[in-house]
Amino acid sequence: MSDLTDLYQQVILDHNRRPRNRGVLPTANRVAHGDNPTCGDQCSVYLRVDGDRIAEISFDGQGCAISQASASLMTTQLKGKSAPEARALYDSFHHIVTSGETPDEISDLAAFAGVHAFPARIKCATLGWHAALEALTSPAAVTPASGA
Ligand code: ZN
């Protein structure tokens, strides 16, 4: 189990050191911004939605390690997904970070299970996901995310 914990810590560290899909997406046709004032985290998520799929995704922002690593991981998980698939992934992730329960299969999402012990940080972990779902469901330009 401690090996697994180490593995999951490595996932978070790795996403912090080498954020994936970071920066403005020039081809984006959807964008949403998330703000977590209690921690000072900010995250913008850019999507290029093609048909019913997320063809491209990026994030940009600043904040604590959890918020940035989670947003980076989120972009790798949501690329290529449909809106219902993205929502299902978010539901899984939300369950993990609020309950601390991890799925039977090894999943990068489970790297954030430890967050459940720090309720104030759950908003950090879900910030990027909220922005992504907001961008998916609202065809308009920049809109504020609705919090946790
Ligand atoms: Zn934070």
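What this report covers is the structure whose coordinates are included nearby. (Residues numbered from 1 in each chain as written. Predicted model: local features only at pLDDT ≥ 70, side-chain atom pairs only at ≥ 80, totals over all residues. Heavy atoms only, no water.)

1. Some words on the packing of aromatic side chains
How two aromatic rings sit relative to each other is given by the distance of their centres and the angle of their planes. Enumeration according to the criterion identifies 3 aromatic pairs in this entry. Relative to F112, the ring of F93 has its centre 5.6 Å away and its plane inclined at 70°; by these criteria the two rings are edge-to-face. Here the residue F93 occupies a position in helix α3 (residues 83-99), and F112 occupies one in the loop between α3 and α4 (119-137), the gap between them amounting to 19 residues. The two residues F93 and F112 agree in class, both being buried. Here the aromatic rings of F93 and W129 are separated by 4.9 Å at their centres, their planes lie at 15°, and the arrangement is stacked. Residue F93 is located in helix α3, and its partner W129 is located in helix α4; the two are separated by 36 residues in the primary sequence. Among the residues examined, W129 registers a relative accessible area of 0% and is labelled buried. (Phe/Tyr/Trp six-rings, centres within 6.5 Å; stacked < 30°, edge-to-face > 60°. Helix = DSSP H or I, 4+ residues; strand = E, 2+ residues; numbered from the N terminus. Buried < 20%, exposed > 50% of the residue type's maximum accessible area, 1.4 Å probe, protein only.)

2. Quick notes on the packing of α3 against α4
Their axes nearest at 11 Å, the elements α3 and α4 cross at an angle of 170°. The angle between the axes of α3 and α4 places the two elements in the roughly antiparallel class. Counted together, A83, A86, R87, L89, Y90, F93, H94, V97 and T98 of α3 and I122, A125, T126, W129, H130, L133 and L136 of α4 form the full contact between these two elements. When the residues that make up the contact of α3 with α4 are grouped by side-chain class, the tally is 11 nonpolar, 4 polar and 1 charged. (Axes fitted to C-alpha atoms, helices over the stretch in contact; angles between N-to-C directions. Parallel < 35°, antiparallel > 145°, perpendicular 65-115°, else oblique. Contact = heavy atoms within 4.5 Å. Nonpolar A, V, L, I, M, F, W, Y, C, P; charged D, E, K, R; others polar.)

3. Side note on the coordination of the zinc ion
Under perfect tetrahedral coordination by four donors, a metal shows angles of 109.5 degrees; under perfect octahedral coordination by six donors, it shows angles of 90 or 180 degrees. On the protein side, the zinc ion has C39 (SG), D41 (OD), D41 (OD), C64 (SG) and C124 (SG) as donor atoms, found 2.1 to 2.8 Å from it. On the primary sequence, the residues serving as donors to the zinc ion are separated as C-x1-D-x22-C-x59-C. Residue D41 is classed as buried on the basis of its relative accessible area of 0%. (Donors = N, O, S within 2.8 Å, 3.2 Å for Na, K, Ca; no water.)

4. With respect to the pattern of salt bridges
With the rule as written, the count across this model stands at 6 salt bridges. For R22, the salt bridge is made with D60, and the minimal N-O distance between the two is 4.0 Å. Of this pair, R22 sits in the loop between α1 (2-17) and β1 (30-36) while D60 sits in strand β3 (residues 53-62), and the two are 38 residues apart along the sequence. The exposure class of R22 is partly exposed, given its relative accessible area of 41%. For R53, the salt bridge is made with E85, and the minimal N-O distance between the two is 2.8 Å. In this pair, R53 is assigned in strand β3 and E85 in helix α3, connecting sequence segments 32 residues apart. (Salt bridge = Lys/Arg side-chain N within 4 Å of Asp/Glu carboxyl O.)

5. A short note on the packing of helix α2 (residues 65-78) against α4
Where α2 meets α4, the axes come as close as 8 Å, and the angle between the chain directions of the two elements is 35°. Remark: the crossing between α2 and α4 carries right-handed chirality. Taken together, the residues of α4 that come into contact with α2 (itself represented by I66, S67, S70, A71, M74, Q77 and L78) are R121, C124, A125, G128, W129 and A132. Its residues placed into classes, the contact of α2 with α4 shows 8 nonpolar, 4 polar and 1 charged. (Left-handed = near helix turned anticlockwise from the far one by under 90°.)

6. Things to note about the pairing of strand β2 (residues 41-50)
Burial of β2 is extensive: 7 of the 10 residues sit out of reach of the surface. Relative to β2, β1 runs antiparallel, the two sharing 7 bridges. Among the inter-strand pairings, V31 is bridged to a residue of β2, identified as Y46. Hairpin connection, β1 to β2: the antiparallel pair is bridged by 4 residues, and G40 has positive phi, about 90°. Sheet topology places β2 next to β3; 9 bridges connect them, and they run antiparallel. (Pairing = 2+ DSSP bridges.)

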